Amino acid sequence: MQSVIRDLPSCSGVYQYFDPNGKLLYVGKAKNLKNRVKSYWRFSPEFKPNPTQSSRILKMLYEATRLEYIVVETEEDALILENSLIKQLKPKYNILLRDDKTYPYIYIDESVVYPRFEITRKVIKGKNVTYYGPFPTGGKALLDSLYEVYPLVQRKSCLREGKACLFYQIKKCLAPCESKVTPEAYGEIVTKAKTSIVKRKDLISTLQEKMTNLAMQERYEEAGAMRDSIEAISSLTISSNIDLANEMDLDIFAIQNGDEKGVIVKLFMRGGKIISSAYSYFRHTHIFDENEAYKQALLEFYTIDTPNISKQVLTAHTFEDSQQVATTLSTRFSKKIEILTPQRGSKAKLISLALQNCEELLRKTQSDTIMEQKIADLFDLSVIPYRIETFDNSHLMGVATVGGMVVWDENKWDKNAYRRYTLHERDEYGQMKEMLSRRIENFKEQPAPDLWILDGGQANLNLARTLLKEAHVNLDVIAIAKEKLDAKAHRAKGAAKDMIYTSQGLIELKPNDKRLHWIQRQRDEAHRYAITYHQNKKRKEDTQVSLLNKKGIGKATVKKLIDYFGTFEAIENASYEDLEKVTNKKISNIIKDYNQ
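Nothing here was measured: the structure is a model prediction, and the numbers come from that model.

Draft legend 1. Region of the structure containing unusual backbone geometry. The residue after S44, namely P45, is reached through a cis peptide bond having omega 5 degrees. Counting through the fold element by element, P45 comes out in the loop between β3 (41–42) and β4 (48–49). In this model, G133 is joined to P134 through a cis peptide bond whose omega is 10 degrees. Inspection of the secondary structure puts P134 in the loop between β8 (129–132) and α5 (139–149). Positive phi outside glycine occurs at A175, with the angle close to 55 degrees.

The following block contains the structure:
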């Protein structure tokens with residue numbers, strides 16, 4: 001490694017440190033690779049880590065045995081590549097923030113005569129498009145409430161059809177499709193609705209009146225739905241008396257590290273008023289680095305498709321790469337973006353408000369991950385597994401072969417992150433390889449978790465570790481194999497002696513061990529999810545087989561087709577020439593006629 005460091009080029013790039021087992025320890029970027037990497041080390045009287053580095057970096061350097069680097073053209077390219085690699089490969093000593101959601105905006109395109117409000121998560125082309133937001137939560141409720149309170153064009157198709165619909169009859173639309181309202185009068189309604197998006201007090205009051213009237217009419221379900229909308233809209237904003245004298249747009253970011261969790265608070269000010277807010281927690285506080293945290297938070301939030309980015313971003317703390325991040329964002333959005341940390345005045349009060357909310361959120365959160373800590377200790381995991389992905393596959397004699405991935409995150413199921421896989425391999429080992437490989441390919445968009453749990457034994461464990469090593473991803477893996485009684489899997493709760501395979505060897509826990517029950521719960525949820533998908537897919541395929549049989553195509557021919565093409569969708573999309581490779585021209589014609 002010493003010789004590699006001495007021969008580093010004096011240009012921009014990204015460097016990566018690896019341990020003796022080839023695991024990625026750290027990713028960093030540099031304007032000058034030679035100078036940056038050399039600063040980590042002392043070369044005389046002996047080659048050793050520079051003692052002036054932080055304790056986190058020192059610990060990493062003592063574990064490192066290999067250095068690799070990637071040369072890029074500019075420091076901006078290095079910054080973007082560094083962020084991408086951290087998110088995808090999850091290095092051991094880089095902090096990883098998982099709040100990479102794209103927030104929705106409400107927008108209106110006033111280039112049309114009778115415009116509508118709609119939701120978007122990306123830039124909409126047009127000169128007269130106005131954006132409101134972002135709205136981390138409650139955006140849909142706010143949009144629906146606008147259409148509840150104001151007689152706007154309810155559907156895109158209304159104007160196109162040119163005929164008044166039910167919304168006109170129930171007085172929720174003024175039928176501009178039949179010119180029953182002038183563009184000027186409609187424009188006044190739009191203006192009021194636009195004001196309500198930012199100043200929501202009158203909107204909420206109107207909704208409360210409607211909710212009371214619905215309750216008095218004993219329409220309790222509708223009243224309950226309106227109550228939920230009011231709560232969602234009310235929760236958009238952190239209460240504040242801070243108003244700027246001018247109508248500035250500002251985004252405020254505050255990151256605070258705690259003992260067990262850290263928190264990110266985002267405030268969004270538009271027109272001099274805070275219109276929405278959001279927060280998210282992160283873990284691995286023992287390797288917290290303020291510079292990395294702010295870099296990731298800003299680069300992940302401001303993607304190329306982000307609408308309505310403010311020209312000034314306030315951060316609660318100064319950080320080393322703030323100027324470079326500002327330059328990168330300015331290039332990305334073709335306008336000057338400033339990143340500031342004000343020390344006095346009304347902007348400093350906004351920072352103080354964000355930090356107060358950080359402290360309150362950290363105070364409220366209590367440790368609810370005792371089991372995860374026990375699992376980490378039992379299996380000697382590199383991190384406490386706050387986010388776990390569990391995999392299982394399901395098939396019947398090679399038919400309707402599918403896989404399922406379920407996700408446990410911060411002591412609850414994250415069902416939005418569940419994934420289903422249609423698999424093509426014939427054996428279970430190949431199916432697991434196909435599923436895990438596809439998940440690894442997706443790490444760039446959806447970062448790796450803290451732990452994988454696989455349904456299966458030593459073979460699946462070895463497979464996963466090999467795939468992860470090839471991808472240079474740091475990720476702990478365990479596999480759980482069902483106890484077999486009379487060649488059948490034994491699933492009795494509190495009695496099953498499942499075997500757990502780890503990198504340290506085979507572990508057997510007592511059937512009543514709570515840690516075993518926790519792992520079984522993960523495995524059983526993955527099994528339930530996979531087998532449900534299998535059953536639905538098989539039912540659909542059985543229907544398709546039956547229909548083909550009725551057309552005169554026998555089961556043997558159907559099997560040949562499935563063996564060759566893999567799925568009914570592939571058969572449906574196959575050409576005459578491909579079909580004739582498997583069967584005769586008559587049957588090929590029947591299939592093509594059936595699919596048309």
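Draft legend 2. Structural detail: the pairing of strand β18 (residues 451–455). Taking burial as the measure, the five residues of β18 include five buried ones, the bulk of the element. Here β18 shows two buried faces, one formed by L451, I453 and D455 and the other by W452 and L454. For β18 and strand β19 (residues 476–481), the ladder comprises five bridges, and the chain directions are parallel. Among the inter-strand pairings, L451 is bridged to a residue of β19, identified as D476. Read from β18 through helix α16 (residues 458–470) to β19, the crossover connection turns out right-handed.

Draft legend 3. Geometry of helix α9 (residues 201–216). A rise of 1.5 Å per residue sets the reference length of α9, with its 16 residues, at 22 Å; its end C-alpha atoms lie 23 Å apart and thus fit the reference within 8%. Among all positions of α9, only L203, I204, L207 and L214 are buried. Projected onto a plane normal to the axis of α9, the buried residues spread over an arc of 90 degrees and lie on a single side. Those residues of α9 that are exposed and aimed more than 90 degrees away from the buried face are K201, D202, E209 and M216. The inward-facing, buried residues of α9 abut α5, α8 (183–198) and α10 (220–234). Two residues or fewer after α9 comes E218, characterised by a positive phi angle close to 65 degrees.

Draft legend 4. Highlighting the nonpolar core. By size, the foremost hydrophobic cluster in this structure holds 44 residues, and its most contacted members are I252, L298, Y302 and V325. Broken down by element, the residue count for this core peaks at eight residues, all from helix α13 (residues 346–364). Look past the residues within four positions of Y302 in its chain and what remains in contact with it is D251, F253, I309, V313, L329, R332 and F333. With 35 residues, the next largest nonpolar core counts A78, A417, L423 and L463 among its residues.

Draft legend 5. The arrangement of a nonpolar patch on the surface in detail. A cluster of nonpolar side chains, contributed by V4, Y69 and V71, occupies part of the molecular surface with about 220 Å² of accessible area. Within the secondary structure, Y69 sits in strand β5 (residues 66–71).

Draft legend 6. Highlighting the sheet that holds strand β12 (residues 312–315). Ordered in space as β11-β10-β9-β12-β13, the five strands form an open sheet in which the pairing is mixed. With partners counted over all chains shown, the strands left at the sheet margins are β11 (273–282) and β13 (338–340), one partner each. Going from strand to strand, the sheet's axes swing by 20 degrees on average, the running direction of each strand aside. When β12 meets β13, the two strands line up parallel, connected through three bridges. Bridging across to β13, V313 finds its partner in I339. Of the strands in this sheet, β9 (250–257), β10 (262–270), β12 and β13 touch helix α11 (residues 290–301), which is tilted by about 140 degrees from β9.

Draft legend 7. The arrangement of the pattern of salt bridges in detail. Tallied over the entire structure, the rule returns 31 salt bridges. The salt bridge partner of K172 is E148, with a shortest N-O separation of 2.9 Å. Here the residue K172 occupies a position in the loop between α7 (166–169) and α8, and E148 occupies one in helix α5, the gap between them amounting to 24 residues. A residue is classified by how much of its surface remains accessible, and K172, at 26% relative accessible area, is partly exposed. Ionic pairing is found between D498 and R523, a salt bridge with its closest N-O pair at 2.8 Å. Placement of D498 in the loop between β21 (488–489) and β22 (499–502) and of R523 in helix α17 (residues 514–550) is noted, with a sequence separation of 25 residues between them. For the pair D498 and R523, one class covers both residues: buried. Three or more residues are tied together by salt bridges with common partners; here these are K29, E75, E82, K295 and D321.

Draft legend 8. Highlighting the packing of aromatic side chains. With the rule as written, the count across this model stands at 23 aromatic pairs. Arranged with centres 6.3 Å apart and planes meeting at 55 degrees, the rings of Y17 and W41 form a pair that is tilted. Within this pair, whereas Y17 is found in strand β1 (residues 13–18), its partner W41 is found in strand β3, the two being separated by 24 residues in sequence. Accessibility assignment for this pair places Y17 and W41 in one class, buried. Between Y114 and Y186 the ring centres are 5.3 Å apart and the planes differ by 85 degrees, which places this aromatic pair in the edge-to-face class. Of this pair, Y114 sits in the loop between β6 (105–109) and β7 (117–120) while Y186 sits in helix α8; the two residues are 72 residues apart in sequence, bridging distant segments of the chain. A relative accessible area of 1% means that Y186 is categorised as buried.

Each value, and the rule that gives it
Residues numbered from 1 in each chain as written. Predicted model: local features only at pLDDT ≥ 70, side-chain atom pairs only at ≥ 80, totals over all residues. Heavy atoms only, no water. Helix = DSSP H or I, 4+ residues; strand = E, 2+ residues; numbered from the N terminus. Buried < 20%, exposed > 50% of the residue type's maximum accessible area, 1.4 Å probe, protein only. Pairing = 2+ DSSP bridges. Right-handed = clockwise from strand over helix to strand, strands pointing away. Expected span 1.5 Å × (residues − 1). Arc of directions from axis to C-beta. Contact = heavy atoms within 4.5 Å. Core = buried A, V, L, I, M, F, W, Y, C linked by side-chain atoms within 4.5 Å. Patch = residues over 30% accessible without salt bridge, like charges linked within 9 Å, V, L, I, M, F, W, Y side chains within 5 Å. Areas by Shrake-Rupley, 256 points an atom, 1.4 Å probe, with all protein chains shown as cover. Salt bridge = Lys/Arg side-chain N within 4 Å of Asp/Glu carboxyl O. Axes fitted to C-alpha atoms, helices over the stretch in contact; angles between N-to-C directions. Phe/Tyr/Trp six-rings, centres within 6.5 Å; stacked < 30°, edge-to-face > 60°.

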